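Letter by letter, the chains look like this.
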Amino acid sequence: MQTIAFDVGSIRRDFPVLDQIVDGKPLVYLDSAASSQKPTQVIEAISRYYLRDHANVHRGVHELARRATEAYENSRARVARWLNATDAHEVVWTRGTSEALNLVAFSLGEGLGPGDEIVVSEMEHHSNLVPWQLLARRKGARLRLASLTDDGRLDLGHLASLLGARTRVVSLAHVSNALGTINPVSGIGALVRERSDAVFILDGAQGAPHLPIDVQALGCDFYAFSGHKMCGPTGIGGLWGRKALLEEMPPYQGGGEMIERVYRDYSTWAEVPHKFEAGTPNIAGAVGLAAAVDYLEAVGLDAIHEHEMSLTRRALALLSEVEGLRILGPAEVEARAGVLPFVIEGTSAQDVATILDAQGIAVRAGHHCAQLVVDRYGVTATCRASFYLYNSDEEVDRLAAGVRTASEVLLC
Ligand code: C6P
């Protein structure tokens, strides 16, 4: 594959949406943790598919049905190579991370019962908490939450103390969307295996877009991800899982495509991964996500991570000069991804975000669907700036200037 030299200027030219004026100011898009922007290469791959090749998949013998099926399955194989999966059939297409985690909680959870324990943490996005709460209720299992340290990391001692013979599932964020923390997941995987026979699941919504991912090296059993956070389209993502586990699990939804044979009162299931893909899938989404993987790998995920660390270092230095500003998450740049949650003491996060918006700067304010995180750190909401490959030093400077203005206006 051809590697693109890392040059923010030329990367930005691939993202036409960034080149616009909002409220009379050049747009500064710092909300990629919520959803990233899309390069022309991805938009064109989706257009090409619809302009030439669209039909339903796995259902027809005609030319377009063949092309669509090939595009859909080749995209799966491309995503599997990116994840370093041993088999393309270990990748199940879903609508995104939320559906992937609901799928695994439902299907794997069928085997759980009273007395079994599920371990998550206080750092989780609601998508990696609520499905486990539902499962625990349904099966009478016990949900246990690992606590966090004051500097925004998983308390590994507490996590270790929760693991044991009753632990059936451990499901944790790879990277926190509300703190920016990169969890030491390979080490945690080793700990899980040493202390229990639990299945180890990673919520990769914020890991996959920003770090090189090798599911074999990570030592997890499942990895969930969303296309729209990694330069791909909305409505597509996936669940990577070990084939032996996927084969044991019952289907998640019933319908067309997921059956082998249907009888009057029961059915048998298609092979993995089709067993989990009921109904007409998001074919163009899969094509777009494979194009996004091509794009990110051509730029290089190591280079993207380096760039984000450099932006984060600059932002931490500039924002620490703002009076009353508190940044959540680890102080060390090496322990965090380009997600920067902050509060200006005595002000509302919504007001800060509104003042930034008036300057053309897009950030998110709220609990970021991680209510337990804001509760843990004694705030009701944070402002969150999140960086991606297309953000520049100048944009970090605009953020810092904007936050200074917000602090002056709101604290005067
Ligand atoms: N976080 C954010 O602004 P979906 O919506 O299914 O693509 O991803 C859900 C999800 C799961 N886990 C983590 C760690 C996440 O960050 C997200 C999505 C967005 O932080 C929207 S709430």
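Residues numbered from 1 in each chain as written. Predicted model: local features only at pLDDT ≥ 70, side-chain atom pairs only at ≥ 80, totals over all residues. Heavy atoms only, no water.

Caption draft 1: Representation of the nonpolar core in the model. In this structure, Trp 82, Tyr 223 and Leu 389 are the most contacted members of the largest nonpolar core, which totals 77 residues. Counting residues per element, this core draws most heavily on helix H10 (residues 283–299), which supplies 11 residues. When residues of this core are assigned to domains, at least three map to each of domain 1 (8–30 + 300–410) and domain 2 (44–297). Non-local contacts of Tyr 223, meaning those with residues more than four positions away in its chain, are made with His 174, Leu 202, Gly 204, Gly 207, Ala 208, Ile 213, Val 215, Leu 218, Gly 238, Leu 239 and Trp 240. Ranked by size, the runner-up nonpolar core spans 29 residues in total, among them Met 309, Val 363, Ala 400 and Val 403. (Core = buried A, V, L, I, M, F, W, Y, C linked by side-chain atoms within 4.5 Å. Buried < 20%, exposed > 50% of the residue type's maximum accessible area, 1.4 Å probe, protein only. Helix = DSSP H or I, 4+ residues; strand = E, 2+ residues; numbered from the N terminus. Domains from an automatic or database assignment. Contact = heavy atoms within 4.5 Å.)

Caption draft 2: Examining the packing of helix H12 (residues 349–357) against helix H14 (residues 393–411) more closely. Running from amino to carboxyl end, H12 crosses H14 at an angle of 125 degrees, the nearest separation of the two axes being 9 Å. By the angle between their axes, H12 is oblique relative to H14. Pair H12 / H14 crosses with right-handed handedness. Taken together, the residues of H14 that come into contact with H12 (itself represented by Asp 351, Val 352, Ile 355 and Leu 356) are Leu 399, Gly 402, Val 403, Ala 406, Val 409 and Leu 410. Residues that form the contact of H12 with H14 fall into these classes: 8 nonpolar, 1 polar and 1 charged. (Axes fitted to C-alpha atoms, helices over the stretch in contact; angles between N-to-C directions. Parallel < 35°, antiparallel > 145°, perpendicular 65-115°, else oblique. Left-handed = near helix turned anticlockwise from the far one by under 90°. Nonpolar A, V, L, I, M, F, W, Y, C, P; charged D, E, K, R; others polar.)

Caption draft 3: Fine view of the pattern of salt bridges. As enumerated under the stated definition, the model contains 25 salt bridges in all. In this structure, the salt-bridge partner of Glu 332 is Arg 153, at a minimum N-O distance of 2.2 Å. On the criterion of sequence distance, the pair formed by Glu 332 in the loop between strand E13 (325–327) and strand E14 (339–344) and Arg 153 in the loop between strand E6 (142–146) and helix H6 (156–162) is long-range, its members being 179 residues apart. Notably, a salt bridge pairs Arg 242 with Asp 221, separated by 2.9 Å at the nearest N-O pair. Separated by 21 residues along the polypeptide, Arg 242 in the loop between strand E10 (237–241) and helix H9 (243–248) and Asp 221 in the loop between helix H8 (215–218) and strand E9 (222–226) bring together distant segments of the chain. What makes Arg 242 partly exposed here is its relative accessible area of 31%. Taken together, the shared-partner salt bridges connect Arg 52, Asp 53, Glu 63, Arg 66 and Arg 67 into one network. (Salt bridge = Lys/Arg side-chain N within 4 Å of Asp/Glu carboxyl O.)

Caption draft 4: Inspection of the sheet that holds strand E7 (residues 167–173) at higher detail. Taken in spatial order, the 7 strands make up an open sheet running E4-E10-E9-E8-E7-E5-E6, and their pairing is mixed. For this open sheet the edge positions go to strand E4 (91–94) and E6, each flanked by a neighbour on one side alone. The sheet shows a mean angle of 20 degrees between the axes of neighbouring strands, taken without regard to direction. Both strand E8 (residues 199–203) and E9 contribute to a ladder of 3 bridges, which runs parallel. Across the sheet, Ile 201 pairs through a bridge with Phe 222, a residue of E9. Of the strands in this sheet, E4, E7, E8, E9 and E10 touch helix H4 (residues 97–109), which is tilted by about 150 degrees from E9. Strands strand E5 (117–121), E6, E7 and E8 of the sheet are contacted by helix H5 (residues 130–139), whose axis makes an angle of about 160 degrees with E5. (Pairing = 2+ DSSP bridges.)

Caption draft 5: Expanded view of the site of the ligand. Contacts to the ligand come from 16 residues, most closely from Ser 98, Asp 203, Gln 206, Ser 226 and Arg 364. Between the ligand and Arg 384 there is a distance of 2.8 Å, counted from an oxygen atom to a side-chain nitrogen or oxygen. Burial of the ligand by the surrounding chains reaches 87%, relative to a free accessible area of 510 Å². Among the residues making up the shell around the ligand, the classes are represented as 4 nonpolar, 8 polar and 4 charged. (Near = heavy atom within 4 Å. Polar contact = N/O pair within 3.5 Å; in protein donor to acceptor, adjacent residues only side chain to side chain. Areas by Shrake-Rupley, 256 points an atom, 1.4 Å probe, with all protein chains shown as cover.)

Caption draft 6: Just the domain arrangement of the protein chain, in detail. Domain annotation for the protein chain reports domain 1 (8–30 + 300–410) and domain 2 (44–297). The centre of domain 1, based on its C-alpha atoms, is set 28 Å off from the matching centre of domain 2. Across the boundary between the two partners, domain 1 contributes 32 residues, which contact 33 residues of domain 2. At the surface where domain 1 touches domain 2, the tally comes to 2 salt bridges. For Asp 150, the salt bridge identified is with Arg 376, shortest N-O distance 2.8 Å. Along the contact surface separating domain 1 from domain 2 lie 18 residue pairs in polar contact (both at pLDDT 80 or more). Contributing elements (two or more residues each) for the side of domain 1 that touches domain 2: helix H11 (301–319), E14 and helix H13 (371–376). With 5 residues, H11 is the largest single contributor of residues to the side of domain 1 that touches domain 2.

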